[in-house]
Amino acid sequence: MQLKFKPKKRLLTRMFLTSLSIIALVGFGLAWMVNILHAQNSYNEETAELISEIPKVAAELREHDLIPDTSDEWLEENNAAQRYIIASCDNTFNQVWTSSLAVDRGLFDTCERFNEIRNSSPPYYLSLADNKGYFIYLLSLDIASNKYNLLVLKDAEKLEEEYSKFSRLTYIRLAFVLALALVLLISAAYWGMRPLVRLKNELQSVNNGKAKSLSDGYPVELEGVTQALNQLLNQSSAQQQRYQNAMNDLAHSLKTRLAAVHAITDDRTLDKDACSEKIMEQVSQMDQLVKYQLKRAMLGRKGLKQEQTQIAPLVDQLAQMLFKVYRDKQVQFEAVIPKEHVFPGDKGDLMELCGNLMENAFKLCISTVRVSSYYNDAGEFELLVEDDGPGVEESIRQNIIERGVRADTQKAGQGIGLAVCNEIVISYGGRLSIETSELEGACFRISIPI
């Protein structure tokens, strides 16, 4: 049987690319979110820093007479000589004041420009009249009962450098994580695909005849597959064994018929017509045997339909054939079979049973063979084939019903006749036993439940 296992070449690639794509997508998404959070965090930190410097901003506003004089020492203590880029806006974001540094840079429309983007999410970024980028921080203040929106501008260049540095570090870290993920994916893929590689190798071993089935220990996901394959292998092996046994049994059965044909052709007492009739009778039996064995090979023993078969005519027919084969022995044959007795099975099975057992009896007897049948008290049909030969030693009685084992190794044979009989009897739920006959030879007893 030729079994070919060809795994999909792209299975590993698909799994690897899909997993890597998911990791990359999640990784870059996280990096993007981290950068956004970092920018917002920087904005919040800067806003907090500006809030802490409100006294300094207020001091600068007071210098320009935007807030009244106050004797509050806190304003004086927290004031420092530092200039800010500031724009003061009213509630509608019209610019009402511009710090000196903002004036120096010509930033007179900051409030109006900011009003266009203030509904967006921070951080706020604008490119103003001096062609520079600024991050804008909004501070809402109540100064002298007046509400102001202070826009404090920070040069974006330094912050952008810091942001770029942070982004580079983020993506470097991400690249490291992806490299590590790649190594883990390769390891996981190799580890995950090992059972499939093992399955492939074992199937190749089965195909090459080095193994008969797959081993155990596969992952749960593959257990169903391996069990199904083992079942298929067992069925194929059983069918192949049935074919081999059927061919051996057929050869064994035909051997006796061919011997009978030779005996008929050598019989000088038969005229041409009688000889042809006897030969055709044997050929007909050969044809029945071939059909029977082929049917058994296809269906198995249990597939054969059970019937009711007359015993006496078939035993008499086999005896006449064996008389021709063993005519030199002058065998005395006795059949104690009532006409109403029937074999509870197929005619081919009965022919195999009687043919093998009677041939052994004719071959090994001294002068007498007897076949009898009856129903015992247990409700079983029993068929006995006895002879007055040397019998069978008790130590080997169980072994000789196995294929290839023979009690008589001095004469030609294959040692399969009794094995065939045992298989047939077992298929009917019966048993084949070997005893000592009243004739002082061997007694083969077949017991089949009715």
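Computed from a predicted model, the values in this text were never measured in an experiment. (Residues numbered from 1 in each chain as written. Predicted model: local features only at pLDDT ≥ 70, side-chain atom pairs only at ≥ 80, totals over all residues. Heavy atoms only, no water.)

**Section: the pattern of salt bridges**
Counted only if it meets this: We define a salt bridge as a contact between a side-chain nitrogen of Lys or Arg and a carboxyl oxygen of Asp or Glu at a distance within 4 Å. Runs of H or I in DSSP of at least four residues are treated as helices and runs of E of at least two as strands, each being numbered from the N terminus.
Here the structure, examined in full by the defined rule, presents six salt bridges. Ionic pairing is found between Glu386 and Arg370, a salt bridge with its closest N-O pair at 3.3 Å. Of this pair, Glu386 sits in strand 10 (residues 380-387) while Arg370 sits in strand 9 (residues 368-375), and the two are 16 residues apart along the sequence. Across the pair Glu438 and Arg370 runs a salt bridge, and its minimum N-O distance is 3.4 Å. In this pair, Glu438 is assigned in the loop between strand 11 (431-436) and strand 12 (442-449) and Arg370 in strand 9, connecting sequence segments 68 residues apart.

**Description of the UniProt feature "transmembrane region" (unreviewed entry) in the chain**
For the record, the criterion: UniProt positions are given in the numbering used here, feature names are shortened, and annotations may be inferred rather than shown by experiment.
In the numbering adopted here, UniProt assigns the feature "transmembrane region" (unreviewed entry) to residues 12-34 and 174-193. Here residues 174-193 is 100% helix and 0% strand, with 27 Å between the C-alpha atoms at its ends.

**Some details on the environment of Leu233**
Summarising the element assignment, Leu233 is placed in helix 7 (residues 220-266). Between the alpha carbons of Leu233 and Ser213 there is a distance of 6.6 Å; along the sequence they are 20 residues apart.

**Section: the side chain of Ser427**
Which entries qualify depends on this criterion: Burial status follows relative accessibility: with a 1.4 Å probe on protein chains alone, a residue under 20% of its type maximum counts as buried, one over 50% as exposed, and anything between as partly exposed. Whenever a nitrogen or oxygen atom comes within 3.5 Å of another N or O atom, the pair is scored as a polar contact, on the condition that within protein one atom can donate a hydrogen and the other can accept it, and that pairs from neighbouring residues in sequence are kept only if both atoms are in side chains.
For Ser427, the position within the fold is in helix 11 (residues 417-427). Its relative accessible area of 19% is what places Ser427 among the buried residues. A distance of 2.5 Å separates the side chain of Ser427 from the backbone oxygen of Ile424, its partner in a polar contact.

**Examining a nonpolar patch on the surface**
Rules: Only residues whose relative accessible area exceeds 30% and that take part in no salt bridge are eligible for patches, with like-charged residues grouped when within 9 Å of each other and nonpolar side chains (Val, Leu, Ile, Met, Phe, Trp, Tyr) grouped when within 5 Å. Where accessible areas are quoted, they stem from the Shrake-Rupley method and a 1.4 Å probe; at the residue level, only the protein chains shown are allowed to cover.
A contiguous nonpolar patch, built from Ile22, Val26, Leu30, Trp32, Met33 and Ile36 and spanning about 600 Å² of accessible area, is present on the exposed surface. Inspection of the secondary structure assignment puts Met33 in helix 1 (residues 11-52). With relative accessibility at 45%, the residue Met33 sits in the partly exposed group.

**Some thoughts on unusual backbone geometry**
At Gln330, a residue that is not glycine, the phi angle is positive and equals roughly 55 degrees. Within the secondary structure layout, Gln330 lies in the loop between helix 9 (312-325) and strand 7 (332-336). Although it is not a glycine, Glu440 sits at a positive phi angle of roughly 75 degrees.

**Focus on the side chain of Thr368**
Under the convention used in this document: Contacts are assigned to residue pairs with any non-hydrogen atoms lying within 4.5 Å of each other.
Secondary-structure assignment places Thr368 in strand 9. In contact with Thr368, not counting residues within four places along its chain, are Gln332, Glu386, Asp387, Asp388 and Leu439.

**Description of the sheet that holds strand 12**
Sheet strands pair via backbone hydrogen bonds, and the direction of the pair is either parallel or antiparallel. Stated formally: Two strands are counted as paired when DSSP detects at least two bridges linking them. Here the axes come from fitting lines to C-alpha atoms, over the contacting stretch only for helices, and the angles between their N-to-C directions go from 0 to 180 degrees.
One open sheet holds the five strands; their spatial order is 7-9-10-12-11, and the pairing between them is mixed. Both outer strands of the open sheet, strand 7 and strand 11, are each paired with one neighbouring strand and no more. Going across the sheet, the axis of each strand differs from the next one's by a mean of 15 degrees, ignoring polarity. Sheet topology places strand 7 next to strand 9; five bridges connect them, and they run parallel. By the bridge assignment for strand 9, Phe333 is matched with Val369.

**Some words on the confidence of the model for the chain**
Where we set the bar: Confidence of the predictor at the level of single residues is given by pLDDT, which spans 0 to 100.
Across the chain, pLDDT averages 77, with 76% of residues at or above 70. Per-element confidence in the chain ranges from a low mean pLDDT of 44 for helix 3 (residues 73-77) to a high of 93 for strand 10. Taken as a whole, residues 5-9 scores under 50 in pLDDT and shows five contacts with residues more than four places along the chain or in a different chain. Between residues 70-81, whose pLDDT stays under 50, and residues either more than four places distant or in other chains, the model counts 14 contacts.

**Quick word on the state of the cysteines**
Such a bond, covalent and formed between the sulfur atoms of two cysteines, is termed a disulfide. Where we set the bar: In what follows, a disulfide is any cysteine sulfur pair within 2.5 Å.
This structure, assessed with the given rule, holds one disulfide. Shown here is the disulfide that connects Cys89 with Cys111, its sulfur atoms set 1.8 Å apart. Note on the Cys89 and Cys111 pair: the S-S dihedral is about -80 degrees, so by sign convention the disulfide is left-handed. Of the two residues, Cys89 sits in strand 1 (residues 85-89) while Cys111 sits in helix 5 (residues 110-117), which places them 22 residues apart along the sequence. In this structure Cys421 is a free cysteine whose sulfur lies 8.7 Å from that of Cys354, the closest cysteine sulfur available.

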